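As a plain string of letters, each chain reads:
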Amino acid sequence: MYILFICCVIIIILAIISGFLMFWKVPLPTLYSTNKNTSEMVSIIIPARNEAKRITPLLKSLQLQQGIRFETILIDDGSTDKTASIATSYGVKVVQNDRLKNGWIGKSAACWTGAKHANGDWLLFLDADTQLQTEKAYSRLP
C-alpha cells in the first residue's frame, strides 16, 4: 500500500512539472489590450456573396471605429444583388473574386483573394452579417 502511495505522489509531481514545462511560455490573456501599436494598419477583409440585405450594419460599425488605422476590402464573390454598390457607397474597396472562372469554389478562395489585395500589417476577416458593438471594439481584441 505504501508503494502505491509513493507511485501516485511521483506521478502527480511529474504531471505538475511537465505541465509547467509545457505552458511556461504561454502568455496570459488580458481583458483589454491598452498597448496597441497605432502605427500598424489592419486590413479588414469581408468575403461576401449576395449580402446586400445584411452588410450595412457591419459597414456602419466599421465607420465608427476609433484608435485603429485600417482599410476595408470587400471580396465580391459573384454577387447578383447590390452588395458591391452598397460597399462602395461606404468607401470600401471592392475586389471581384478572380477565382470564379470555373464556378464558385467556396469562401476560402474569397478570403485568399482578399489577403492578396491587403496592404495592412494584420489581417482581420469578418463575415458580412456581423457587426462591431462599440466604437472601441477593435481595441478590445488581444
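These numbers were taken from a predicted model, which means no experiment stands behind them. (Residues numbered from 1 in each chain as written. Predicted model: local features only at pLDDT ≥ 70, side-chain atom pairs only at ≥ 80, totals over all residues. Heavy atoms only, no water.)

Draft legend 1. Region of interest: helix α1 (residues 2-23). Relative to the 32 Å expected for 22 residues at 1.5 Å per residue, α1 spans 32 Å between its end C-alpha atoms, a close match to the ideal helical length. Burial within α1 is sparse, with just zero of its 22 residues counted as buried. (Helix = DSSP H or I, 4+ residues; strand = E, 2+ residues; numbered from the N terminus. Expected span 1.5 Å × (residues − 1). Buried < 20%, exposed > 50% of the residue type's maximum accessible area, 1.4 Å probe, protein only.)

Draft legend 2. The pattern of salt bridges, seen in detail. What the rule picks out here adds up to two salt bridges. A salt bridge links D127 to K107, with the shortest nitrogen-to-oxygen separation between them at 2.4 Å. Linking D127 in the segment after β4 (122-125) with K107 in helix α4 (residues 107-117), this pair joins segments that are 20 residues apart in sequence. Residue K107 is classed as partly exposed on the basis of its relative accessible area, which comes to 40%. (Salt bridge = Lys/Arg side-chain N within 4 Å of Asp/Glu carboxyl O.)

Draft legend 3. View of helix α2 (residues 56-63). Residues of α2 that are buried include every one of L58, L59, S61 and L62, and no others. Seen end-on, α2 carries its buried residues on one side only, within an arc spanning 160°. Next to the buried residues of α2 lie β1 (41-48), β2 (69-76) and α3 (83-89). (Arc of directions from axis to C-beta. Contact = heavy atoms within 4.5 Å.)

Draft legend 4. Region of interest: the sheet that holds strand β3 (residues 93-96). With respect to topology, four strands assemble into an open sheet ordered β3-β2-β1-β4, the strand pairing being parallel. Strand pairing shows two members of the sheet lacking a second neighbour, β3 and β4, which therefore form its edges. Across the sheet, the axes of successive neighbouring strands diverge by a mean angle of 25°, strand direction being ignored. Relative to β2, β1 is paired through eight bridges, and the arrangement is parallel. The partner of P47 across the bridge, within β2, is I75. Where α2 meets the sheet, its contacts fall on β1 and β2, and the angle it forms with β1 comes to roughly 170°. Strand contacts of α4: β1, β2, β3 and β4, with the helix running at about 140° to β2, the strand carrying the most contacts. (Pairing = 2+ DSSP bridges. Axes fitted to C-alpha atoms, helices over the stretch in contact; angles between N-to-C directions.)

Purely spatial values, then, with no claim about function.
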